[in-house]
Each structure stands twice: as C-alpha cells, then as structure tokens.
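Examining the three-dimensional arrangement
These are the residues of each chain, in order.
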Amino acid sequence: MSDKYKVELLDIKKAFGGVQALKNGKIQVKPGEIHGLVGENGAGKSTLIKVLSGAHHHDEGRIILDGEDINIQSPKDSIEKGIAVIYQEFMLAPHLTVAENIFIDHLTQNKGIINWRNLAKSAHELLDTLGFGNISPMTLVSDIPVAHQQVVEICKALSRKARVLVLDEPTAVLTFAEIEKLSLLINQLKNDGVSIIYISHRLEEIFNLCDRITIMKDGEYVDTVITKEINKEGLISKMIGRSMTEMFPKRDSKTGEVVFEAKNICAGKMVNNVSFNLRSGEVLGFAGLVGAGRTETMRAIFGADVMENGEIIYFGQKTRFRSPKQAVKKGFGLLPEDRKRQGVLLEQSIRVNTTLAAIFKGKNKLGIFDARKEKAYVKDVLAQLNTKFNSTEDNASSLSGGNQQKVALSKWLAADCKVIVLDEPTRGVDVGAKVEIYKNINDLAAKGVAIIMISSEMPELIGMCDRVMVMRFGKVVGELGKDQITESNLIALEMGVA
Amino acid sequence: MEKVIEKKEKLTFVKFLLKYNTYIMFVLLFIICAMLSTEFFSWKNIGNLIRQNAGTTFMVMGMLLVILTGGIDLSVGSLVAAGSVFTAYFATTLELPILLSVVLAVLIATVLGTITGMLVAYAKMAPFVASLAMMTMGRGLVLFVANGAPIMLPENSIEWISTYKIIAGTPEQAQTIGEVTPLLGAFLAAIVVIMWFVMKYTSFGRLVYGIGSNETAVRLAGINVRRIKMSVYMISGLLCGIAGILSATRSKVGAPVLGEGWELDAIAACVIGGASLAGGKGTPVKALVGVFVLALIGNIMNLLAVPSYPQDIIKGAIIIIAVLLQTTSFRDE
C-alpha cells in the first residue's frame, strides 16, 4: 500500500512546552503530484512541514520516504534525502549573487576554490530549464524582484536534487502575472516527477493547481480529498468543521459613545485607507488572513510605525500618536502579537513587567520604589486577571503562555487604558487559558474599556465580538454586525470569494 | 487565588555553586592568595589594592550600565585618559584653578560619552562601532592636547585625595601596617552604593534592565527607549572622567596613554560579575567583585614575581572559567 507514495507522514505528534501543536498530523503524497495542504491558522500545517524539513523534531510518529521509515534529525538530513522546503520568508543571502545562492552549500566542486565561470554556467542552465534564462546568475539577489527570488529558491532546491518540494504560501508576495508564471513552473516540475506540497490560504490556487488536498484542523488530520470531487463550500466546511463549544462566556454588551475614530489610515504598502470607529465597552474584531495589514494598521495608529496619512479622533479630539509613549500617556495600549519578542520581559520579574507602563504606581512620595507598596499593587492587578503565579519576584519566563499573556495585559490595566488593542491575544495558549483570557476581555469591556481584537481564529471572532472589520490586502473589505459574523461570511470576505 | 505552579527550588550544593559562582570564585581566590603569600594579607597590600582599583571601579560601573542595555562602550579607556589629561592641561598648562579644571575635565568626558550615546540611540549606529570611533577620537584628542607627553599636575593640587590620612601614624607604623588613607576607598564604596540604589530603586535602573531584556517590549509599553540608551553612554563618560581624575591623584600626572586596553578589562570585570553581553543581566555589586577578581589575580602574581605575559594567560583562563560557569547555570534554568 505505502509503496505508491513518495513521502508519508503518519501519526505525527509534537508539543511545544504544554501546547500540543500537532495531535495527529498526517499527509501522504504521491510521486509527481501537487498536494494541497489547507487549514485555519494554528491548524498545524507549518509545524507538520517543519517536522518534515527537520526544523522541528516530532515527539511521536513516522516519516516514510519511498516506502522506508526514515529518521530526520536536522535540516541537513532532510536536504540530503531530497526534501526541500521553501518558506514564506526566503532563506536567501541578499548580498550574494544568484549563482552563489543556488549553489550555496556546494560552491566548490573541487580543491576549495570557486570556479566562477562554471558556477555561472550551471546556474544559467538550471534557470533556463525552468524558463527563467533571463535572470542573470551574477546579479545580487537583493537586486532582483521577489518573484525571481522565489525562482532562485526553487533552483536552489533543484540543485540539491530535491524530489519533494514544499511551498509554504508561495504566492503571498506575488502579483497576479507572477502567480501565473509560478503555476506553469510548478506544473512543469510535477511533470518531471517531483512531489509538491502546496500550502495556501487562497482556495482558488488550491483548486487550480492541486491534484489532491489534505485538510487539517486544531493540529489534527481531517481528511484527504481529490480536488475534482469537492467544491469550495465543501472544503471550507471541512476546514471549520467544529461545533461551537462553551468556550465563550456570555456577556451583555453595553456599548456607549464612539471613543475612537480612524479615518483613511495609510502606512507603508500594508495599510491602505483604513477607516473604522470604536465605542466604549465594545469588542471590535479585526479579521483577515496573515498579511492582510491588520497588525500594521494598529501599529501605525499606536505610533510604533510611521503613519503616513490619516486622522485619529480620540475622545472627540483630533490626535496623532507619534510614538507609543504618546499613545500610552493618553490611555491607548497595544498588546503585541508576538508575546515573547514584544510583549513581556521574560528574564525580568513579574512585578517589573506589570508596572512597566505605569512605573509610578510602585513608588512612594520620594519617587523611589517601595517594594511593599509595589508588590501589593501588582498582586491586586494580577488578581483581577486571575493570573496564577508563585511570587511577584519570579521571572516572567517561569509562567505558562497564558499567564505570561495575562502579565502582558496587566500592564495596560495598571496604566488605566481606555482603549486596548489585542493582537492575537490567545495565540499559543491552551484552551483553558483561552477561556480565562476571554473572561478578562469581557470584564474589561464591562468596565467600559473599548477593545480592538485582531484574531485569525474565527470561533473567537464570532464568540467575542460585537462587530468585525474584515481586511484584505491592506484594505477594509467589509464590516459585519453581531448577527452577520459567521464563518462563511468571514471566509468569503477574507479570501475574496464572495 | 495564587496557586503554586512550581515547587520551591531546592538549593542543592551544585546549584549553590552555580548561583553564587562570582562570590565563590572571589573567596577562593582570596584564600589562595592569602596562603601563597604572607605579604598579601596585610593592611598595606589590601589598602593598595583598594586604592588602585577605585578609578577602575568607576569606569566598570559605567561599562556595566551600557552592557545592561545590551550595548558596549569601547571608549572608556580613552575617556579615562581624557579625564586625567584635561585636568592637568587646564590646571598646569592653562593655570586654571584646580577645582574648575576637574569640573571641566569631567564635563568633557561626559560630552564625549554623550556623543557616543547619540550615535547609538538616535543615529542607530551599532554600539561597537560608535564607541570604537569614540575610542579612537578620544585617544587622538588627548594625545593632541598633551602633545604626546604626560603633563605634570601642579604641586599640592589633588594628590591629597590619595594620601589623606585620618590617623597620622608614626613612620614605623606606616612601614608595618601601611598608612590608613581611606578617601579613595570611600569614593569606591560611594559609587557602588549609589549604583546599587539607582539600579534597584529608580525607574531609570529598572528601565535599563528592561531595555536589555527586551527593547521592543519596553518601547511598546510607551517608554522613551532612546533617551535612556543615550544617557547610559553619557553616564559612562561621566564616570570615566572621574576615574581618570582619581587615577591622576595617585600618579600626579595627566597621562595621555592612561587607560589603553582598559575597555577590555572593564568588559571582563562585568562578565566575571555575571553580566550578559546580551543585556539585562548583572548587578553593580557583582561587577565590583569582578573588578577585584581581576585585581587579585594581578596582585598575587606580582607578589609571587610571575612575569607579566603568563599573568595575561591566567587572566584569560579565569574569564573563560567564569563565563563557562555562568552558561552552565543558565542551561540549568
């Protein structure tokens, strides 16, 4: 049975700390097949691929190549076995030439000296077979367009004799014409017998390209279907497929006055004329695919990035936050999406983390830290969020993901924020902690705090929000009222299927 | 509501060793020194050690601040020279009053440090590069001002700081127990206490640690990170200026070659004291211990008449051992 598959991953389990990212990962790819891999954010697609590429080592499960069990310990093992993964962010050295990048791990055929003429020649031959003979092997990678960089990545994989090629969201950064060209290329590789795993959020592409599709949800394998035998609606229902559980605590939302208004916000390429308003006590969701510009919009408003254009009306006054400092001073807080890199100081105490934005709260009249006063205050704030911790003096790194997130949130509570942006507040926390965080959000809203919640999890948006703005390619493409927030409405707007 | 999520860590012997490795190393070294040489454990020798390292300690405290933010200041040696040379230049060459000369010299070192800080914080230059440039410029500046040669300080100007006696002993007592000249020691103690207080009890200290731990998170918490980053280099310059003057009280000259290579000793002292070059980790008291670990090594080998090249080999080895011990203790967490 298994000998007809080129590569198989079976019963893959992988946990990060306490979080089970993969419960039952499975994918079986035939030779010369384009195999789609779909699922919501956090479904475990990337983790599964990273197990195959050797970036992560699985806790349990089998990897089978050509019918034989193989052991992949590192990316090197994976490459040597002819498996190549092309990630969303390219792994190219921008200051080296195209040729050098293609042959990066075997630049010298002999004697440790680079023969530039041969190198350029082999690079050109390789590029030519893919129909990209016009890319000069001796230009720097930083000087060629993104689409060509992707071709270079594919050449790099082929130069290593890759027979299994994984493309993770390959079209996220490409224009329409470039996508067409990439499709041709992928089909050509398929005809040469290469097995291709194609991950994408864009269902049109999946349907155009793939022979079969594997669906994942919540770290588990759902199904593998033949593309011809399913339609978009069928695929979407398999991707969602969950019943709404008792995840979301009930809340009587009492929204008040409009406290915040953004008009025509522009920032960089990712934010284009975004407008919305927000009422006190409201939870306003921001939906969209990764890269839709939601985080960028909020960062621009918060002053963390430059806001090129647009207007903010904050409590009836025209305002502009030129730095996070100004925003925080006026009671506008932002909980960043990347908790470990932007949210908490892992190697500092819980106490320091909690009073970071409201440092004066821990001080006595002389402006000197009063340990007893500060500890009492910190305990009080953390108790409001039901945070579980041992001592206020422990490092934040000693806490679980959910409690770290609460500590990160606590600093805005301590700073008496009136508007708080939560960027993916429950990413990477387990289900129990999620429910706790939802409760915290509801409590804040009940106190009249206006909340913006960026989320890529649909049940969360449906269960929590009074209203949802949907963004796509840096623009607001829709606004859904409480009764209109459904998974099919969200997906349709996010993917532009409607 | 508080739930114990982790059992209280048991302090096993190994963990004790790892946690207090800086202090243990110092105590061990001290005992070894006392056993190896009878001269070592005398008031005279210990007093000398303290006096010699008063200036160094000022410089190391500045370096520590910078390292805590995740930066590095290679210009400290040159700025120490600036403190010393400009004092002598103003007081001797320009014949200004000594107090004014001292203040101006410290001011110049502070301004030089501030320039480095502005390059790092506002021009986003890598600290290594900005301070490397300042190190070169600073050295050039003092050599230029001093015309390449040491400048004598005026007689009876500031050397009293290093020779001031509380108890005027007889010459015989001075021979046996050494003179009790505590002012430099008092300076040393004062700066460590001030630093300890600032780091523990003020927002500035806390934010310095915060920036070293996670600069992005601190910025997103609405704090002006750039101002703090600039000020650590400024304070480093200020402390180096003072260090240069303290050094001049002992040598009685403004020496333009003073402090060459000191930046590396300063980094070594911080690192032995458990500071992480990535920032966010290290304390003033431990850095002080780091200063004296290095000083003890030098001192005992001088007493035993070990030539200077092997001294450096041993010094390097001690740094490696200290850091190895610390990385082991991190892994343990």
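Everything below is about the structure printed above this text.
The structure reproduced in this document is the subject of the present report. Remember, predicted model here, so these are calculated numbers, not experimental data.

**Structural notes on the sheet that holds strand S15 (residues 317-319) of chain A**
All names here are of chain A. Judged by pairing direction, the sheet is antiparallel, and its four strands sit side by side in the order S12-S11-S14-S15 without closing on themselves. Where the open sheet ends on each side, the last strands, each with one partner, are strand S12 (271-279) and S15. For this sheet, the mean angle separating the axes of adjacent strands, direction not counted, is 15°. Two strands pair when backbone bridges link them, and strand S14 (residues 309-314) and S15 are joined in this way by three bridges, in the antiparallel orientation. Residue Ile313 lies in a different strand from S15, and its bridge partner there is Lys318. Packing of helix H9 (residues 294-302) onto the sheet brings it into contact with strand S11 (258-267), S12 and S14, and relative to S11 it is tilted by some 110°.

**Looking at the environment of Ala88(B)**
Residues and elements named next belong to chain B. Along the chain, Ala88 falls in helix H4 (residues 76-93). Expressed as a C-alpha distance, the spacing of Ala88 and Ala189, which sit 101 residues apart in the sequence, is 26 Å. Excluding residues within four positions of it along the chain, Ala88 makes contact with Ile151, Met152, Leu153, Ala248, Val253 and Gly254.

**Considerations on the packing of H4(B) against helix H11 (residues 225-251) of chain B**
Residue and element names in this part refer to chain B. As a packed pair, H4 and H11 sit with axes 7 Å apart at the nearest point and diverge in direction by 55°. Viewed along their axes, H4 and H11 adopt a mutual orientation that is oblique. Handedness of the crossing formed by H4 with H11: right-handed. Contact residues: Val76, Leu79, Val80, Ala81, Ala82, Gly83, Ser84, Thr87 and Ala88 in H4; Ser236, Gly237, Cys240, Gly241, Ile242, Ala243, Gly244, Ile245, Ser247 and Ala248 in H11. Residues that form the contact of H4 with H11 fall into these classes: 11 nonpolar, eight polar and no charged.

**With respect to unusual backbone geometry**
For Asn386(A), which is not glycine, the phi dihedral falls at a positive 60°. Within the fold, Asn386(A) resides in the loop between helix H13 (371-384) and helix H14 (401-414). The residue Ala305(B) is not glycine, and still its phi comes out positive at about 60°. One can find Ala305(B) in the loop between helix H13 (284-303) and helix H14 (308-332). Classification of Ala305(B) by C-beta neighbours within 10 Å gives exposed; the count is 6.

So, how was this worked out
Residues numbered from 1 in each chain as written. Chains lettered and ligands numbered in written order. Predicted model: local features only at pLDDT ≥ 70, side-chain atom pairs only at ≥ 80, totals over all residues. Pairing = 2+ DSSP bridges. Helix = DSSP H or I, 4+ residues; strand = E, 2+ residues; numbered from the N terminus. Axes fitted to C-alpha atoms, helices over the stretch in contact; angles between N-to-C directions. Contact = placed C-beta atoms within 7 Å. Parallel < 35°, antiparallel > 145°, perpendicular 65-115°, else oblique. Left-handed = near helix turned anticlockwise from the far one by under 90°. Nonpolar A, V, L, I, M, F, W, Y, C, P; charged D, E, K, R; others polar. Buried ≥ 20, exposed ≤ 12 C-beta atoms within 10 Å, placed from the backbone.

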